[in-house]
Amino acid sequence: MQTLAQRVTAIRPDLVNSDASFGELAWNWGKDHAGYGASWRRRLWLSGGEAVAWGWARLPHQARRDDGSVKDVTGAYLAYQVHPDHAELVDEVIDWYDATAGDTERTVVPGAADAFALERWAAHGYETDPSSLGDTGSWTQLNERDLTDVERPALPDGFRFRTAEEAGPEAAVRAHLDAWSPSTYTAESYQGVRRTAAYRGDLHILVEAPDGTMASSTIMWLDEANRTAEFEPVGTHPGYRRLGLARAMLLHGMHLARAAGATHMTVACLGAPGHPRARGLYYSVGFRELSRDAPLIKATTAG
């Protein structure tokens, strides 16, 4: 699946949606497969021994979060990717998804630039997801920039950059939970992330506050084949926001990525007008929109 992501990135980066990038695949698989793998279904389509399409259906399940709450996920969701040279396989992916999900609400996010796929999803009864419309829509955009001229980072006095290798697993997990709670992330999730082939502890960056709190963190995923790296996730402790920590961390990360061989960087964010904070942060360090998702839905026919 990651190799297909690399191949599509090399020829049509505008077709790589927020679920199907090299880094996102590693992040999602690593953090969730141990806890939720039983509710996941995957299928690969091969040609000449290489993956040319895949579908990854996530079926209804319960998600337990760190604050003790339980979220009931009642619908099905599909992440997928089809190589542009085998675009016709999207119909097989759709048929497989419909058969796998059964008569439950189904959602999917093809790329907005993939006109052929959008036509085929519509032919199978999928429509624009109402939750994606308006200023607070839930769609995602992927942003990019090159690494030829990166500003030097500047942290407030007393703060310093660390890596997960230096800070250790407990600090890395705590940094994520502080930024994203309520979250399903656990120490076991992080162990899964660390076991992915793409993870590098020296590219997992944290910002340590003067009191020892890991105030901000991000993981960078280096795609050596395309000499590109991706930030995923990026988060800051609520008590340390608006101090410029995330901005400095992103700049620092880009310098590290460039030293590791990357010439290009990507990061995803919510794209609707009502979600300006992350987009403004990324734009402030030179990112601009590369692609966006087009969320679709197919309602259940039960009742």
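Residues numbered from 1 in each chain as written. Predicted model: local features only at pLDDT ≥ 70, side-chain atom pairs only at ≥ 80, totals over all residues. Heavy atoms only, no water.

- In the annotation of an unreviewed UniProt entry, the entry for the protein reads GNAT family N-acetyltransferase, and the organism field reads Actinoallomurus acaciae.

## Examining the packing of aromatic side chains
Thought 1: Scanning the entire structure with this criterion turns up 14 aromatic pairs.
Thought 2: Between tryptophan 29 and tryptophan 40, the ring centres sit 5.8 Å apart and the planes meet at 45°, which makes this aromatic pair tilted. Here tryptophan 40 lies in strand β1 (residues 40-47) and tryptophan 29 lies in helix α2 (residues 22-36), a separation of eleven residues in the sequence.
Thought 3: Relative accessible area serves as the criterion here: at 31%, tryptophan 29 is assigned to the partly exposed category.
Thought 4: Taken together, a centroid distance of 6.2 Å and an interplanar angle of 80° make the contact between phenylalanine 159 and tyrosine 240 edge-to-face. Placement of the pair is phenylalanine 159 in the loop between β8 (140-146) and β9 (160-163) and tyrosine 240 in the loop between β12 (228-236) and α8 (245-259), with a sequence separation of 81 residues. (Phe/Tyr/Trp six-rings, centres within 6.5 Å; stacked < 30°, edge-to-face > 60°. Helix = DSSP H or I, 4+ residues; strand = E, 2+ residues; numbered from the N terminus. Buried < 20%, exposed > 50% of the residue type's maximum accessible area, 1.4 Å probe, protein only.)

## With respect to the sheet that holds strand β11 (residues 214-223)
Thought 1: Taking strand neighbours across the sheet as the criterion, the seven strands line up as β9-β10-β11-β12-β13-β8-β14 in an open arrangement whose pairing is mixed. The outermost strands of the open sheet, each flanked by one partner alone, are β9 and β14 (288-292). Strand-to-strand twist in this sheet, taken as the mean axis angle between neighbours without regard to direction, amounts to 30°.
Thought 2: As paired elements, strand β10 (residues 204-208) and β11 share five bridges and run antiparallel to each other. Among the inter-strand pairings, isoleucine 205 is bridged to a residue of β11, identified as threonine 218.
Thought 3: Set on the sheet, helix α6 (residues 169-180) makes contact with β10, β11 and β12; between it and β12 the angle comes to about 65°. (Pairing = 2+ DSSP bridges. Axes fitted to C-alpha atoms, helices over the stretch in contact; angles between N-to-C directions. Contact = heavy atoms within 4.5 Å.)

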